[in-house]
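Results of the structural survey
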Amino acid sequence: MAGLRIESEQEPLLGDTPGNREWDILETEEHYKSRWRSIRILYLTMFLSSVGFSIVIMSIWPYLQKIDQTADASFLGWVIASYSLGQMVASPIFGFWSNYRPRKEPLIVSIFISVAANCLYAYVHVPASHNKYYMLIARGLVGFGAGNVAVIRSYTAGATSLQERTNSMANISTCQALGFILGPVFQTCFAFIGEKGVTWDVIKLQINMYTTPALLGAFLGILNIILIFAILREHRVDDSGRQCKNINFDEESTDEVQVPQGNIDQVAVVAINVLFFVILFIFALFETIVTPLTMDMYAWTQVQAVLYDGIILAALGVEAVVIFLGVKLFSRKIGERAILLGGLIVVWVGFFILLPWGNQFPKIQWEDLHNNSIPNTTFGEIIIGLWKSPMEDHNERPTGCSIEEAWCLYTPVIHLAQFLTSVVLIGIGYPVCNLMSYTLYSKILGPKPQGVYMGWLTASGSGARILGPVFISQVYAHWGPRWAFCLVCGIVVLTITLLGVVYKRLIAFSVRGLYLAHLGTKEDKRK
């Protein structure tokens, strides 16, 4: 058995160095290494979960058309939304499970569901009919498997001290962002296989540009299960970093301490859930509106919009990774609450800049033809633009703001400099708010099992990703960008107000316990 040592390191991943703790924690060398090996396996799990969503996102529409000619744009919208719906349902279930059983169980089951769903996705061409419904089920199950995000975050929160928490949460968010960025890259690498590909007749498996990414996702899932079996161990520490006794533990230790008792501040819990919902709601609607907004304002063709907006969203992903790494340094000096407030203010400034001003108006599209603008289409049809072939001739299609959108005649243009400045600011504010919400939430909950609470937080985010696109598509279609962004600015102001009201309550569980104990002591002295 390794000897006891004074533990004076924060997490050494992504640039952290020894000697950063302000207190000494006795921990065995073996326990320390096992704890961080387990946490890093969950970093990988988060990365693969994100890749599982994004690796097929660019090919869903042509694959859906190929397997079922009856599929239309409206059904595409349901296929896209099914992932978030599945995750919203599964997150509280897996979270509850992880509170009372070893975390390996919900993790392995969730990943197995994702593996099975990816295999089903590769076989949706086999049934003689109703193929589109099989695809809907496959994507919904992939989302259901992604409900393990709640388990990943609750495990990490419970296995880190207060001082380690922000770093570990930032690393999880970084892995999640990298997964979303690299998924489409992996998809592109398989494009050379082509639509036809090769067929393995014995098992009726078609290996082509549509199925190969899903099969890769299934393979990586199996590898992930093996690593979890081999490496993941149950660990729980209190806010100071001391080992805590918990039902999830699979081994005994004489050095364990009891989980501190006390009530969780439910007002703070509800407030963070509302804040997190708004944060994801706003970013989801922003992602949705980018393509139709740029096509209306700058008369971009579909090919130009897909190319330029794709570059913009990819740049936002890279920016998010940089922000996640940088915010760890600022949180030590400023604190999570202040950074969250600053992030919301930056988001508000970003949307305020997007408000149309001046006397210059967008180019009007007079021809009575489809240009993929929102009034002429369902939300699913807007998404179709992402899968249009670059080889198609879109130059003959009319460009600009459709005459059918009445607001085009009186709403000033949003200049490109305005738009790009707003993109940069929103790209800074969103990852900051996302990370600080998770970090504050985990600290408020304390060392008790957080699975159910993390499940509800993840579910609220999934609901936001469903409702955000619906909200913005309706408002933008009927009233245009001025009203849409005014309403968003109003929502952010209300969110900042809510944060101000609960600001003093957003403190760590252990800090709140000390504060309440101090108040109790003062009351006793008065008596």
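Residues numbered from 1 in each chain as written. Predicted model: local features only at pLDDT ≥ 70, side-chain atom pairs only at ≥ 80, totals over all residues. Heavy atoms only, no water.

Points about the overall build of the chain
A tally of regular secondary structure across the chain gives 15 helices and 6 strands. Out of the 527 residues belonging to the chain, those deemed buried represent 55%. Nonlocal contacts in the chain, meaning residues at least 24 apart in sequence, comprise 80% of its contacts between residues at least 6 apart. Per element, the accessible surface of the chain, about 22,800 Å² overall, is 67% carbon and sulfur. (Helix = DSSP H or I, 4+ residues; strand = E, 2+ residues; numbered from the N terminus. Buried < 20%, exposed > 50% of the residue type's maximum accessible area, 1.4 Å probe, protein only. Contact = heavy atoms within 4.5 Å. Areas by Shrake-Rupley, 256 points an atom, 1.4 Å probe, with all protein chains shown as cover.)

Here we look at the pattern of salt bridges
Considering all chains together, one arrives at 5 salt bridges under this definition. Taking the shortest distance from any N to any O, the salt bridge between Glu164 and Arg35 comes out at 3.1 Å. Taken together, the positions of Glu164 in helix α7 (residues 162–189) and Arg35 in helix α1 (residues 29–54) put the pair 129 residues apart, joining distant regions of the chain. No difference in accessibility class separates Glu164 from Arg35, as the two residues are buried. Its salt-bridge partner being Asp265, residue Arg505 comes within 3.0 Å of it at the nearest N-O pair. Within this pair, whereas Arg505 is found in the loop between α14 (451–502) and α15 (509–526), its partner Asp265 is found in the loop between α8 (212–231) and α9 (266–298), the two being separated by 240 residues in sequence. Residue classification places Arg505 among the partly exposed positions, given a relative accessible area of 37%. (Salt bridge = Lys/Arg side-chain N within 4 Å of Asp/Glu carboxyl O.)

What to know about the packing of aromatic side chains
When we look at a pair of aromatic rings, we describe it by the centre distance and by the angle of the planes. Overall, the coordinates contain 18 aromatic pairs when judged by the stated rule. Here the aromatic rings of Phe352 and Trp357 are separated by 6.3 Å at their centres, their planes lie at 55 degrees, and the arrangement is tilted. Here the aromatic residues Phe283, Phe286, Phe351, Tyr430 and Phe485 are joined through ring pairs into a cluster of three or more. Across from the ring centre of Tyr438, 3.4 Å away, lies the NZ or CZ of Arg153, which sits over that ring. (Phe/Tyr/Trp six-rings, centres within 6.5 Å; stacked < 30°, edge-to-face > 60°. Lys NZ or Arg CZ within 6 Å of the ring centre and 35° of its normal.)

Focus on unusual backbone geometry
A positive phi angle, near 55 degrees, is found at Lys204, a position not held by glycine. Along the chain, Lys204 falls in the loop between β3 (198–200) and β4 (205–207). Accessibility expressed as a relative area gives 54% for Lys204, which makes it exposed.

Things to note about the nonpolar core
Core analysis: the biggest nonpolar cluster contains 124 residues, and Ile60, Met135, Phe286 and Phe351 have the highest contact counts within it. Top contributing element to this core by residue count: α9, with 20 residues. Here this core spans two domains, and each of domain 1 (29–244) and domain 2 (265–365 + 401–526) adds at least three residues to it. Leave out the neighbours within four places in its chain, and Phe286 touches Leu316, Phe351, Leu354, Val423 and Ile426. (Core = buried A, V, L, I, M, F, W, Y, C linked by side-chain atoms within 4.5 Å. Domains from an automatic or database assignment.)

Re helix α13 (residues 416–445)
Between its first and last C-alpha atoms α13 spans 44 Å; for 30 residues at 1.5 Å apiece the expected length is 44 Å, and the two agree. Taking burial as the measure, the 30 residues of α13 include 23 buried ones, the bulk of the element. (Expected span 1.5 Å × (residues − 1).)

Focus: the packing of α9 against α14
The interhelical angle for the contact between α9 and α14, taken along N-to-C directions, is 30 degrees, at an axis separation of 4 Å. In the contact of α9 with α14, the residues fall into 35 nonpolar, 8 polar and 2 charged. (Axes fitted to C-alpha atoms, helices over the stretch in contact; angles between N-to-C directions. Nonpolar A, V, L, I, M, F, W, Y, C, P; charged D, E, K, R; others polar.)

Topic: the confidence of the model for the chain
Looking at the chain, pLDDT values average 78 and 80% of them are 70 or higher. Within the model, the stretch residues 1–25 combines pLDDT values under 50 with 70 contacts to residues more than four positions away or in other chains. (pLDDT = per-residue confidence, 0-100.)

Quick look at a nonpolar patch on the surface
A cluster of nonpolar side chains, contributed by Tyr134, Ile137 and Leu141, occupies part of the molecular surface with about 240 Å² of accessible area. Checked against the element boundaries, Leu141 lands in helix α5 (residues 131–145). What makes Leu141 partly exposed here is its relative accessible area of 33%. (Patch = residues over 30% accessible without salt bridge, like charges linked within 9 Å, V, L, I, M, F, W, Y side chains within 5 Å.)

Looking at helix α2 (residues 60–67)
Along α2, the residues classified as buried are Ile60, Trp61, Tyr63, Leu64 and Ile67. Taken around the axis of α2, the buried residues stretch over an arc of 165 degrees, which confines them to a single face. (Arc of directions from axis to C-beta.)

Focus on empty space enclosed by the protein
Overall, the coordinates contain 3 cavities of 30 Å³ or more when judged by the stated rule. Its volume calculated, the largest cavity comes out at about 220 Å³. In terms of lining, the largest cavity is formed by 18 residues, of which the most central are Leu48, Ser49, Gly52, Ser114 and Gly217. Looking at the lining of the largest cavity, the element that brings in the most residues is α1, giving 5 residues. (1 Å grid on protein atoms, 1.4 Å probe; cavity = no way out; pocket = protein on both sides within 12 Å on 5 of 7 lines; lining within 4 Å. Points joined across faces, edges and corners; volume = space filled by probe spheres on them.)

A closer look at the side chain of Thr439
As for its position among the elements, Thr439 is in helix α13. The class for Thr439 is buried, based on a relative accessible area of 0%. Setting aside residues up to four positions removed in sequence, Thr439 forms contacts with Arg165, Thr166, Met169 and Glu336.

Brief notes about the packing of helix α6 (residues 149–158) against α14
In the contact formed by α6 and α14, the axes pass within 8 Å of each other and the chain directions differ by 130 degrees. Between α6 and α14, the angle is such that the two are oblique. α14 is crossed by α6, and the crossing has right-handed handedness. Residues Val149, Ala150, Arg153, Ser154 and Ala157 of α6 pack against Gly451, Met454, Gly455 and Thr458 of α14. (Parallel < 35°, antiparallel > 145°, perpendicular 65-115°, else oblique. Left-handed = near helix turned anticlockwise from the far one by under 90°.)

A look at the environment of Trp78
As for its position among the elements, Trp78 is in helix α3 (residues 73–100). For the pair Trp78 and Arg139, spaced 61 residues apart in sequence, the C-alpha separation works out to 9.8 Å. Aside from chain neighbours lying at most four places away, what touches Trp78 is Leu85 and Leu136.

Remarks on the environment of Thr166
Its place among the elements puts Thr166 in helix α7. Linking Thr166 and Ser331, residues 165 residues apart in sequence, is a C-alpha distance of 7.7 Å. With sequence-adjacent residues up to four places away left out, Thr166 is seen in contact with Lys328, Ser331, Glu336, Leu435, Met436, Thr439 and Lys443.

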